[in-house]
Amino acid sequence: MKKAFLKKNIPYLAFFYLGDIFSHHINSYVGGDLIDRLFQAVIEIETIRLYPSLVPKDLLVGFILAILIKFIIYSKGKNANNIIKSRKRNKMFKWGERKYENSPLATFVRCNKCGYKIRFGISSNGKELVSINLYCYHCRMLEQEEKLPHHKELEKEVFKILKDKFHTDKTEKKKLLDEQKELYDKKNDQLLKKKMIEFENYKFGKISREDFMEIKNQIQESEEENKERIEAIDEELKQAGNIDSLTKEIVEKYIDRIYISGKGIERIEYQ
Ligand SMILES: [Zn+2]
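What you are looking at is a predicted structure, and each value in this text was computed from that prediction instead of being measured.

Colleague: Help me understand the overall build of the protein chain, please; the structure alone is not making it clear to me.
Modeller: A count of helices and strands for the protein chain gives seven helices and five strands. Traced from its N-terminal end to its C-terminal end, the protein chain shows the element sequence α-α-α-β-β-β-α-α-α-α-β-β. In summary, the protein chain has a C-alpha radius of gyration of 40 Å against a globular reference of 18 Å for 271 residues, an excess of more than 25%. When burial is assessed residue by residue, the protein chain has 12% of its 271 residues classed as buried. In the protein chain, once contacts between residues fewer than 6 apart in sequence are set aside, the share between residues at least 24 apart is 64%.

So, in structure tokens, the structure goes:
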């Protein structure tokens, strides 16, 4: 126990010793300020006296140096612990999930020259995303690399294209879908009326129970079908052209590939 303690603290003892003899060495020079003496002491370091000084001032310097080193090592250790902890925390994220969000375009962009996927290299300062660097690895290897546009500019451009292209479609689509929906609503009304008429017929003995049941089932089936269609239309309307911001989901929905060069977007292949 005592041995372990001693072993652990020997380095600090060494620093204590160094501080002590260096302090004595500095103080053996007289005149000038501390900086002058320090300078002199360093220049003539070979003249340093190697046995420890017992002058309180030198002992104090040794002691302070040892404490200082201990503190530095302690805070470094704490830092290392924190790094290990934060790594563990990061590992708790799902596999494949990145700590920093890449551009929503990251997996859709290809090199117009060679057709290879453009890499979106993320650089961070450990806390936050600093930049995303676009390059074609293939062209880089062939030393034919072009300076590609900034990802923000690409995103802006794609956003505008998608909005222009699918926004007009949306109004058209809404009109069409509304008309269709009205049609199905009317159909459902008619079916309901038919059901009531057939029920009257059955009640007054004009048709048999079996016939009525068959008609009833047919009507019910059509009703359900129409209801499903209306629901599908509602969903389609909700989804249609909902482009308020550029997300990966939006890009995925409309775009298959975007070909770019140094000049910008060359062409887009839609879904
Ligand atoms: Zn390329």
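Colleague: Help me understand the pairing of strand E3 (residues 129-135), please; the structure alone is not making it clear to me.
Modeller: Side chains on a regular strand alternate between the two faces of the sheet. Across six bridges, strand E2 (residues 119-124) lies against E3 in antiparallel orientation. For Arg119, the partnering residue across the bridge sits in E3 and is Tyr135. Here E2 folds back onto E3, and the loop between the two strands holds four residues, one of which, Gly126, carries a positive phi near 95°.

Colleague: Hey, could you run me through the domain arrangement of the protein chain in this one?
Modeller: By a frequent convention, interface size equals the accessible area lost on bringing the separate parts together. Domain boundaries in the protein chain define domain 1 (2-91) and domain 2 (98-271). Here domain 1 and domain 2 have C-alpha centroids that lie 67 Å from each other.

Colleague: Explain the confidence of the model for the protein chain here, please?
Modeller: A low pLDDT score tells you not to read the predicted coordinates there in detail. Residues with a pLDDT of 70 or more make up 90% of the protein chain, whose mean pLDDT is 84. Predicted confidence in the protein chain is weakest over helix H3 (residues 56-91), with a mean pLDDT of 79, and strongest over strand E1 (residues 109-111), with 95. Low pLDDT (under 50) marks residues 92-97, which in the prediction has one contact with non-local residues, meaning those over four places away or in another chain.

Colleague: Can you help me understand the sheet that holds E1 in this one?
Modeller: Strands pair in a sheet through their backbones, by hydrogen bonds, and they do so in one of two ways: parallel or antiparallel. Strands sit in the order E1-E4-E5 across an open sheet of three strands; the sheet is mixed. Either end of the sheet is taken by a strand with one partner, and the two such strands are E1 and strand E5 (264-270). Averaged over all pairs of adjacent strands, the angle between strand axes in this sheet comes to 30°, irrespective of strand direction.

Definitions and limits used
Residues numbered from 1 in each chain as written. Predicted model: local features only at pLDDT ≥ 70, side-chain atom pairs only at ≥ 80, totals over all residues. Helix = DSSP H or I, 4+ residues; strand = E, 2+ residues; numbered from the N terminus. Rg over C-alpha atoms; globule rule 2.2 N^0.38 Å. Buried ≥ 20, exposed ≤ 12 C-beta atoms within 10 Å, placed from the backbone. Contact = placed C-beta atoms within 7 Å. Pairing = 2+ DSSP bridges. Domains from an automatic or database assignment. pLDDT = per-residue confidence, 0-100. Axes fitted to C-alpha atoms, helices over the stretch in contact; angles between N-to-C directions.

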